[in-house]
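# Structural description and commentary
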Amino acid sequence: MLRLNVNGQERTIDGIADDTPLLWVLRDELKLVGTKFGCGVGQCGACTVHLNGQPIRSCQIPAVAAAGEKVTTVEGLSAGAQLTALQQAWIDHDVPQCGYCQSGQLMTATALLKQHPKPTDAQIDQFMTNICRCGTYVRIRKAIHAAAAATAGKGGAA
Amino acid sequence: MIAEFERLLAQPVEAAAAQSLSRRGFMKLSGGVGGGLVLALAVGLPDQASAQGAPPPQVPFAPGAYVRISPDGKITLYSKNPEIGQGIKTAFGVILAEELDAAWADVTVEQSEINAAVYGAQFAGGSLSIPMNWDNLRQAGAGARAMLVSAAAKQWGVAESELTTADSTVIHAASGRKASYGSLATAAAALPVPADPKALKLKDRKDYKLIGKRFTGVDNLDLVTGKPLFAIDVNLPGMLYASLVKCPSVGGKVASANIDQIKKLPGITDAFIVEGTAKPANVMLTGVLPGVAIVGKSTWAVFSARKQLKVTWDHSTASKDSWTDYVAKAKELSVKPVGDKVVRTVGDIDKVLASAKPVEAYYQFAFVSHAQLEPQNTVAWFKGDSIELWAPTQLPANSLPLVAGIVGLKADKVTLHQMRVGGGFGRRLLNDFVADAAYVAKQVPNTPIKLMWTREDDMEHDAYRVGGFMSYKGVLDEQGKLAALNAHMIGFEDPVSKAPTTASDFGANEFPANYLTDYRASMSRLPLSMPCGPWRAPGTNTMSWVQQSFFHELAVAAKRDHVEFLLEVFGRKAGAAPQAGPPGLNPDRAIGVIKLAAEKAGWGKPLPKGRHLGMAFFFSHQGHIAEIAEVSVDAKKKVTVHKMTVACDIGPVINLSGAENQVQGCIVDAMSTLALEITMENGAAQQVNYDKYPARRMPNSPQVDVHFVQSNYNPSGLGEPAFPPAAPAICNAIFAATGTRIRTLPITKAGFSVA
Ligand code: FES
Ligand code: FES
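Residues numbered from 1 in each chain as written. Chains lettered and ligands numbered in written order. Predicted model: local features only at pLDDT ≥ 70, side-chain atom pairs only at ≥ 80, totals over all residues. Heavy atoms only, no water.

The next subject is the domain arrangement of chain B. All names here are of chain B. Its domain assignment divides chain B into domain 1 (2-224), domain 2 (231-318 + 370-460) and domain 3 (335-368 + 464-754). Placing a centre on the C-alpha atoms of domain 2 and another on those of domain 3 gives a separation of 37 Å. Linking domain 2 with domain 3 are zero salt bridges, by the criterion used here. The interface formed by domain 2 and domain 3 includes nine residue pairs in polar contact (both at pLDDT 80 or more). (Domains from an automatic or database assignment. Salt bridge = Lys/Arg side-chain N within 4 Å of Asp/Glu carboxyl O. Polar contact = N/O pair within 3.5 Å; in protein donor to acceptor, adjacent residues only side chain to side chain.)

See below:
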C-alpha cells in the first residue's frame, strides 16, 4: 500500500506496480486530472507538480519515491475559492489557448516565484522550460511579471 | 455531413465561407429544468434532402440550443463548434450576447451537444467557424431578444417600438419601467418564435457593446484550477484503459505477437490482434490501422505491457517511403520547366523565358508534425445497442458514421460528447483515434475504455504536413517590374488513387496568376504512402513561404524595395470592382495591410545596429495579412526575432484578446516550425517525441505588434491566416541580415538556428 500526502490530504493507494510514475497515480488512481500527460519522457512539462515545493516532472518519478513527501498539484494551488496571484494573472491576461499545458506552466511558474519573487526575463527563460504548443509564451511571461508585481508588498509568494 | 465537410475543405476557402445550409428558421425548445426561454435557430437539412424529394426535416426535441434564459436571470449560451484553442467558445458567446443585448457577467457559455439537425455543420477547421456562423448566431441572439421585448410589451401594454434593451434588461424609457430578462423568461417562452430570422433587425456596428472588446476565455477559470475539461480527463466507473500498438512503418500488419504472454501481465485484462479497417488511403485516415490492442486496469499497466510486447510485423502492406529518395527525385524533376499537370497558363510563358534571362530558384520544405500537446485519446463505451464516446475531435460529425460502421450500429445510436481539444492544428479533423477507441470498446462490451495514444504513437501516426518542392523562373522587365513567372511544384499523390495528397496541390488562381500576362503553374507528383492531413493553414503555410521568399528574390534582383515591388504588382488590379460572391484575394485589402505593416514596423527608417527587416504578405482563409520581422543574426548563424509587426484585415474583430493571442501563437508556431522536420525512412517517421522534435519553448519569444484594420467586410477566422506570412518574413529578414537565401526548410539545413 502506498501512502501519499497530496494537496495536504493523506491518500492511500492499493495494488499499483512499484514503477508506476506519480503522474499516473495522480490521474488514474486519485482522479486528479489537472496534471497532464504530454510526452512521458520528461520533455514537455505538462505533468509538472511540486514535491516539497520543488517542481518535478511527475512522469519521471515513481510514485513510491513521493511517499511521505508533500505533493502539490494544480488542484491544490488555491485555498478554497481564493485564486493565487498567478492563477488570477493567467485569467486577467487571457493566457490559455487550448489550455492543455497551462496547469504545468502554472506549477512551474509558482515554483519560480517562490525562488525569485521578482524574476527577470532571463530567470523566466531559464526556469520556464515547459512546452506550450499553442505558443502562449508572450502571455505567460506577462502574467508572471503581473503576478510578481501583485504579490510584491504583500509579503507573500504567489 | 462528411461529404459536406470534405467538399468545404476541398474547395477554395473563400467559396466555402459562402456555404450556408438552407431553410433556416427558428424553433423553440422545451425549457427543461427550471423553465424559461430556450431558443434555437433551427437549421434545415442540406439541400440534397429536398432535391431528392425527401420530406421536410422533423425537428427533434433538443435539450440545448443557442440561448437559454432561466427565470433567475442566468443566461446560458451554447457554442456549437469544437474549442481547440482558437477561442471559438468565447467568440461565439460574445456574438450571441451582443445581439441578445445581454450583460456579459450574466452569461455562461457551454459546449453544445453534437446534433446536425439543430446546429448544422459543427467543426473546427479552415478558420471557418466565424464566417460560417456570423449570421446565424447574430440572428439567434436577436431572435431571443425580440421575444423578450415582445413579452415586456404585452405585460406593460405598450408598443414594442417604445422598448429598448441593455444589460439583460428590457426598458420602457417613457414610463421608466424596466424588466430583467430573467423575469420575462417564462412569458417569452410562451410566445411564438419570430417567423423569419432574416427579417430581424440586427445591430449596427457602431452600437456594439461587446464585439471588438477584450474577453478572457470562458474556460480560463476551470483551466487554471485543473478542472476536467478534456477527453483525457474523463473518468467513468469501472473504466478500463487501452492502447493500440501499430506498425512503425505505416500500414504494416501483425504477422505474430506474444499475445498470451501479454494477457498474463499484472493489471492486464485483455490483449488481441486488430486486423484493422482503414482503407489504404493517405488523403484522410479513414479507420483503424492494424496492430495489437492491450486493455488493462490503468494507463501504466497498459503502457508497461507495451514494453513486453513482441510483434513480428508483416511489412508487405507497409509504407516504404523515404525522404532521402524523394529529395533526389524531386531535384531531377525540377529541371523541367513544366510538370506533368499544368494547372494554369496565361499568355506564352515559353516565349518569354526563351528571350530573357530569368531569376531562378528551387525551394524545398520538410514534412512536419502537428505535435499538439494532448496525445490522441477517446473514451468509448459500447453498450450492445448503442455506443457513447467522449472525444477531442475537430470534426465530430464525421466520427458518427465512422464509429457506427466500425461497431455495426446505425449512426443515430452513436452519442458523441464533444470535449475541449488539447491542441488541434488540423490533426483532429481526422477521427482515426475515435475509430480506435470504438473498435477496442466493441471487444470489451459494457465497459467504458479510455484509449490512449502515447506521444510516440502520436508522432509516428500523425497525418503530417506534407513536404514539397518548388522551382521558379521569374522574368523582370526593363523597369525591374515582374513580367512573367513560371512555377513548377513537385508534390505528392496517393499511389493508388493518384489523388493529390492533402495540401499538396497548386491552385489555378494562386497569386500572381491573375496579375501577369505570361504565367504558368504546373505540378509533378511523387507517390506517397505516409498519411498527410490538414496542418494549420494547409497548403498556404508552405505556398506562402516559397512564393513570398521568391518575390523577395525578384525584388532584390530588380534592385527595388521589396514593399514597393509587391505593392506595384497588387497595384495592377487596385480599385477593381469587388468580385462577386464570397471575398477572395482583394488587391486593395492587400495593399492596405502591406502599407500598414510597413508604416508600423518603420520600414525604410534607420534601425538599431545589427537589426534587419523582412516582409511577407499572404492571403488565406479570407484573411489579408502582412508581416514584418525584425531580426538579428549572430556569427554562429543564430537568428533572433526581436519583433514581428503584423497587419491583419479580417473584418471586424470579435474578441480582441483572443485575436491577438492567435496571432502571437501563429508567430511562435512559425518560428518553431522553421527549425523542425519529420523525415521518414522505410515508411517510418524518424522523430517520434519532443526530444527529436523540439517544439519551441519560452526563451526569446518575440514582441508581437498586432494591428487590425477592422474593415467593414464580414468577419473571418484567425486560427490560421497569421501563420503563412511569418516564415517568409523571417527568412527574408535573414537574407537582409546575412545575404544568405534560405531555400530549404528547416533552416537548420543551412546551419541557422532560431534563438
Ligand atoms: S508528460 Fe512529463 S514531461 Fe511530458
Ligand atoms: S495552451 Fe495549448 S499547449 Fe499551451
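Residues and elements named next belong to chain B. Overall, the prediction assigns chain B a mean pLDDT of 90, with 90% of residues at 70 or greater. Counted against residues more than four places away or in other chains, residues 1-24, with its pLDDT under 50, gives 62 contacts. Every residue in residues 30-34 scores below 50 in pLDDT, and together they form seven contacts with partners more than four places removed in sequence or on other chains. Taken over the whole predicted complex, pTM reads 0.93, whereas the ipTM for its chain interfaces reads 0.97. (pLDDT = per-residue confidence, 0-100. Contact = heavy atoms within 4.5 Å.)

Let's shift gears to the environment of Ala601(B). All names here are of chain B. In this structure, Ala601 sits in helix H18 (residues 587-601). Assessed through its relative accessible area of 8%, Ala601 is described here as buried. Considering only alpha carbons, one finds Ala601 and Ser243, 358 residues apart in sequence, at a separation of 50 Å. Apart from the residues lying within four places of it in its own chain, the contact partners of Ala601 are Leu613, Ile628 and Thr645. (Helix = DSSP H or I, 4+ residues; strand = E, 2+ residues; numbered from the N terminus. Buried < 20%, exposed > 50% of the residue type's maximum accessible area, 1.4 Å probe, protein only.)

Glancing now at the sheet that holds strand E18 (residues 414-418) of chain B. Residues and elements named next belong to chain B. Sheet architecture is open: seven strands sit in the order E11-E12-E9-E19-E16-E17-E18, paired in mixed fashion. Two strands lie at the open edges of the sheet, namely strand E11 (268-274) and E18, each paired on one side alone. Across the sheet, the mean angle from the axis of one strand to that of its neighbour is 20 degrees, orientation sign disregarded. Where strand E16 (residues 377-382) meets strand E17 (residues 387-391), four bridges bridge the pair, whose relative direction is antiparallel. The residue bridging Val379 from the neighbouring strand is Trp390, located in E17. Relative to strand E9 (residues 240-246), helix H10 (residues 299-308) is tilted by about 25 degrees, and along the sheet it contacts E9, E11, strand E12 (291-296) and strand E19 (449-452). Across the sheet, helix H13 (residues 396-407) touches E16, E17 and E18, and the angle it forms with E18 is around 145 degrees. (Pairing = 2+ DSSP bridges. Axes fitted to C-alpha atoms, helices over the stretch in contact; angles between N-to-C directions.)

Here the focus is the sheet that holds strand E20 (residues 468-476) of chain B. Residue and element names in this part refer to chain B. Across the sheet, which stays open at both edges, the five strands sit in the order E14-E22-E21-E20-E15 with mixed pairing between neighbours. The outermost strands of the open sheet, each flanked by one partner alone, are strand E14 (341-346) and strand E15 (359-365). On average, adjacent strands in this sheet sit at an angle of 10 degrees to one another, irrespective of strand direction. Bridging between strand E21 (residues 482-493) and strand E22 (residues 518-527) involves 10 bridges; their strand directions are parallel. Following the sheet pairing, Ala484 is matched in E22 by Asp518. In the packing of helix H11 (residues 323-334) onto the sheet, the strands contacted are E15, E20, E21 and E22, and the crossing angle to E21 comes to about 145 degrees.

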